[in-house]
Amino acid sequence: MGNDFLGLLGGLAEAGGAYALGEYGARQAQETGQLGKTLAESYAGRLQEQAQFRPFTVTTGLGGLQAQPGGLTTTLTPEQQAAQQQLFSSGLGMLGGLGQGTEARTQQLFSQLQQMAAPEQERQRLALEERLLGQGRLGLRTAQYGGAPEQLALEKAIQEQQFANLLGARQQAMAEEQQQYNIGSGLFGQSYVPQQQYTAALQPGLAQMSEIGALQRQLIPALGQQYGFGLESLIGGETVAGNIRQAGLQGLFNALLPDRGNPELEAILTAMYPDSKEKIAELLGAQPGVGGLLTSTLSKIPGFGWLG
Amino acid sequence: MAQQLQNITIAAPSFYGVNTQDSPVQQDPGFAAQANNAVIDKSGRITARKGYTYVSTNGADVLGSSRGITTLAEFIANDGTVAVVSAGNNKIFTGTTTLVDATPALYTITGDNWKFVSFNDHLYMFQKGHEPLVYSDHAGVVEPMTSHTHATGTPPEGNEVLAAYGRLWVGDIEGDGNTLYWSDLLNGSGWSGGSTGSLDLQKHWSNGTDSIVALASYNGYLIVFGKKTILIFSGANSPSTMTLTDTITNVGCVARDSVQDIGTDLIFLSNSGIRSLGRTIQEKSNPISLISRNVNNDILGALAGETLPIKSVYSQQEGFYLITFPSSNIVYCFDTTLPLENGALRATTWTGIKPISFAIFDDRSLKLGLIEGFATYTGHYDDSASSYTMSYYSHPLDFQSPATIKMLKTVSVALVGNFTTQAILRWGYDYATTFYSANLTLTEQTIAEYNVSEYNECEYTSGLLVNYPRVNTKGSGNNITIGVETIVAGGSLSVQKFDILALIGRLY
């Protein structure tokens, strides 16, 4: 038993030393991985910094453009704004009156045409009246014509002229509406010309900024890649550390636990090291995380339940 | 030394009719100072007018105390059916010998100043303030126009109506004396639609405010008589295009029924006398002459005092134009056969006959509307049995020697006619109104006697009897007025001439 115990202790020392070396190696791996991550993050940070949007301004003779992270702000020159506003309001004004029908305008034009024709009609009426008076027929009333045949003919001609005026007024009103639409549409469209011209003037600058942006955007994959590299490094380091710890623990276990699940050994170790749980656990679970994982894993092994 | 008798002949006394207008001094002996109940016959002699014989027999029963028959017309339908329509006593009568009340039921008549016109197989009756009446053969009754089969619209209730140029023309409506209405073509009951119409003449009177009094058609023109203006329209066949061709100012018509077409002229009573619208073919104008020139003052005097409707008639057969002034009980007779040189017509007067209305029937006989019905102007008895007096008086005659005294010795009168009557010669001197008189002995002539037995009697007539009664006269003076009065009882009498034997004495 003493040899066994010494052998056990020697095994423990060997295992412990191996474990300690492994632990050191694991820590180095972890640190290396962490360093890689840090470097990758640092480089990524630099890339991110380069890829970040930088506000810019484009200025032309028609106005300027300010690009901010929150958006674009365009500003026309006062003259251009004035022109735009005038065209816009004029066009809007022209178009605003549309859609109300042509009746009112028709009636207005009709009234004007009637006023123009009224003097001549009155002259004709007076001339006819004088002729009828000379013929002794003024005051004539007939069932056939209402008055004299000439009076009927005159009134008929006046009515025909009124109808023609009404038709002409309606046609004119519709033509005016069409013209108003055309003008309004034109003005309205022209009101956007300053903006369009201004936008066109910005294009070279914007193109340049776009190219810059394109380059910046090209860094984003690199940025991600760097972050990936960092993660890979970290993961790689942890993986190596984990492998090392695992090997160490395996060795330790192999040294400490040749017969896994031996209650008598457990009793012996317990008697010998009343606090062997903590020691062994400390030896086995010194590295948090991985050690915890190893401890919890080992605790599932029969005979190491006490590690859990 | 005895002076020789001088023979002074007055041939055809009153050949020129009555002349009370000019100064009686040195008047032509052909003019008469008085020619009463006389006419100018075809030979130019002053002749007793005819009398009248009643056609209707029951006039006294149906006319009551009214003036008598105020309007009379003979209606001849297209199929030849004859109907006599008359008005009086605020009623409408049909019939000849028996007047039958034909007033439409529920139709109220308040006056007797009707105007009857025959047009297109209808007899239309118009009076101011009354719905026009229509008599037609197909209806067989007198009916209000609006009840008539052919009626359209509302007929104007005019006082004057004219049937001419294919339609009725109506004027002088109560409250509207300026509007002339015309009916539809060939339909006197159609007053709406078709070719009806009206013309406001107020705009065309040339002498201030006027109103329509009478209408006439003459020589293709439509004549509109106002009281002070006459309008002459041409083209009345198409009223919508007729035109005023002439306007005569300051002359109008004052009596609706005084307008008569005598064929060669249109006669009417104006406020200045009886006038005519003469016709001048070459100039197409319408000069006016005063046909009552020789008796104008008398006419105007009668007109001034007249309160009843004045009636007139033109008889082509008798050759005269009659116009009656009922208030004065006098009828003026104007001979239309031979106008005088001054354009006047020869005028005589009638008294005692008192016609209220006149009508010419299809047989050209003159009918008289009288107090007891209507009568025919015929025979030489008034009312079939009453005699009347014809009188003739000359103007004072000086026989071309106004300064010498004349002494009538003998007067003989040539009287022509068939008569059994008496005649009286009257003479006076120096504008005296009292006359010497002497009976003229006339030879009787047997005349046709109705319903008298002539068995075993021999009676001969030598035709027209001429009497030359002679009277010894007396007195003296510068000028002599001579006259004859004769009682007409069944026979006509004409004064052919006067033969006067007179001594021309010393200077006066």
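Note that the structure is a prediction, hence the values are computed from the model and not measured.

On to the overall build of chain B, then. Each helix and strand in chain B was counted, giving two helices and 42 strands. In terms of C-alpha radius of gyration, chain B reaches 26 Å, essentially the compact-globule figure of 23 Å for 508 residues. Along the three orthogonal principal directions, the C-alpha set of chain B runs to about 90 × 60 × 40 Å. Split into buried and exposed, the 508 residues of chain B put 56% on the buried side. Contacts in chain B between residues far apart in sequence, at least 24 positions, make up 59% of those at least 6 positions apart. Entry remark: accessible area of chain B is about 21,000 Å², with carbon and sulfur atoms responsible for 47%. When the 29 basic and 44 acidic side-chain charges of chain B are each reduced to a single mean position, those positions are 9 Å apart.

By size, the foremost hydrophobic cluster in this structure holds 54 residues, and its most contacted members are B:F325, B:F334, B:L425, B:F498 and B:I500. Those residues in contact with B:F334, other than ones at most four positions away along the chain, are B:I274, B:I291, B:S292, B:V295, B:I299, B:G319, B:F320, B:Y321, B:I323, B:L345, B:R346 and B:A347. Membership of the second largest hydrophobic core comes to 25 residues, among which are A:I158, B:I212, B:L215 and B:V224.

All right, on to the state of the cysteines then. All names here are of chain B. Inspection of the entire model under this criterion finds zero disulfides over all chains. No disulfide involves C253; its sulfur sits 19 Å from that of C333, the nearest cysteine. Under the relative-accessibility criterion, C333 is labelled buried at 3%.

This paragraph deals with the interface of chain B and chain A. Residue-level contacts link 18 residues of chain B with 15 residues of chain A. Both sides together, the interface formed by chain B and chain A hides about 1,200 Å², and carbon and sulfur atoms give 58% of it. Counting across the interface, chain B meets chain A through zero salt bridges. Where chain B touches chain A, the interface holds seven residue pairs in polar contact (both at pLDDT 80 or more). Among the elements that line the side of chain B that touches chain A, the one with the most residues is strand β18 (residues 197-200) of chain B, at four residues. Of the residues contributing to the side of chain B that touches chain A, the split by class is six nonpolar, 10 polar and two charged.

A separate point is the packing of helix α3 (residues 103-134) of chain A against helix α4 (residues 149-190) of chain A. All names here are of chain A. Two elements in contact, α3 and α4, have axes whose closest approach is 9 Å; the angle formed by their N-to-C orientations is 165 degrees. Relative to α4, the element α3 is oriented roughly antiparallel. Along this stretch, α3 crosses α4, giving a crossing that reads as right-handed. Classifying every residue of the contact of α3 with α4 gives 11 nonpolar, nine polar and six charged.

Glancing now at the side chain of B:R256. All names here are of chain B. Positionally, R256 belongs in the loop between β22 (243-249) and β23 (260-261). Look at R256 and you get buried, because its relative accessible area is 7%. For R256, the side chain forms a polar contact with the main-chain oxygen of N159, separated by 2.6 Å. Setting aside residues up to four positions removed in sequence, R256 forms contacts with N113, W114, K115, N159, E160, V213, A214 and K311.

The subject of this paragraph is the sheet that holds β22(B). Residues and elements named next belong to chain B. What the four strands build is an open sheet, ordered β19-β20-β21-β22; its pairing is antiparallel. Each edge of the sheet is formed by a strand with only one pairing partner; in this case those strands are β19 (212-218) and β22. For this sheet, the mean inter-axis angle between neighbouring strands, taken without regard to orientation, is 20 degrees.

Attention now goes to the pairing of strand β2 (residues 63-68) of chain A. Remark: a regular strand shows side chains that alternate across the two faces of the sheet. Residue and element names in this part refer to chain A. Note: strand β1 (residues 56-60) against β2, five bridges, orientation antiparallel. Counterpart to T57 in the pairing with β2 is Q66. Where β1 folds back onto β2 in an antiparallel hairpin, the turn is made up of two residues. Pairing of β2 with strand β3 (residues 71-76) involves six bridges; the strand directions are antiparallel. Within β3, the residue paired with A67 across the bridge is L72. Between β2 and β3, which pair antiparallel one after the other, the connecting turn spans two residues.

A few words now on the environment of A:L202. Residues and elements named next belong to chain A. Residue placement: L202 occurs in helix α5 (residues 193-256). L202 sits 141 residues away from G61 along the chain, and the two C-alpha atoms are 10.0 Å apart. The contacts of L202, once residues within four sequence positions are left out, are V58, T60 and L65.

Let's shift gears to helix α2 (residues 296-304) of chain B. Here α2(B) has its buried residues at B:N296, B:I299, B:A302 and B:L303. For α2(B), the arc enclosing every buried residue in end-on projection is 125 degrees, short of the 170-degree limit, so these residues lie on one face.

So, about the confidence of the model for chain A. Close inspection of predicted coordinates is inappropriate in any region flagged by low pLDDT. With 76% of its residues at a pLDDT of 70 or more, chain A has an overall mean of 78. Here residues 283-291 of chain A scores under 50 on pLDDT; set against residues more than four positions off or in separate chains, the count is 25 contacts.

Reading guide: rules and limits
- Residues numbered from 1 in each chain as written.
- Chains lettered and ligands numbered in written order.
- Predicted model: local features only at pLDDT ≥ 70, side-chain atom pairs only at ≥ 80, totals over all residues.
- Heavy atoms only, no water.
- Helix = DSSP H or I, 4+ residues; strand = E, 2+ residues; numbered from the N terminus.
- Rg over C-alpha atoms; globule rule 2.2 N^0.38 Å.
- Buried < 20%, exposed > 50% of the residue type's maximum accessible area, 1.4 Å probe, protein only.
- Contact = heavy atoms within 4.5 Å.
- Areas by Shrake-Rupley, 256 points an atom, 1.4 Å probe, with all protein chains shown as cover.
- Lys, Arg positive; Asp, Glu negative; His and termini not counted.
- Charge placed at Lys NZ, Arg CZ, Asp CG, Glu CD.
- Core = buried A, V, L, I, M, F, W, Y, C linked by side-chain atoms within 4.5 Å.
- Disulfide = S-S within 2.5 Å.
- Buried area = accessible area lost by both parts, 1.4 Å probe.
- Salt bridge = Lys/Arg side-chain N within 4 Å of Asp/Glu carboxyl O.
- Polar contact = N/O pair within 3.5 Å; in protein donor to acceptor, adjacent residues only side chain to side chain.
- Nonpolar A, V, L, I, M, F, W, Y, C, P; charged D, E, K, R; others polar.
- Axes fitted to C-alpha atoms, helices over the stretch in contact; angles between N-to-C directions.
- Parallel < 35°, antiparallel > 145°, perpendicular 65-115°, else oblique.
- Left-handed = near helix turned anticlockwise from the far one by under 90°.
- Pairing = 2+ DSSP bridges.
- Arc of directions from axis to C-beta.
- pLDDT = per-residue confidence, 0-100.

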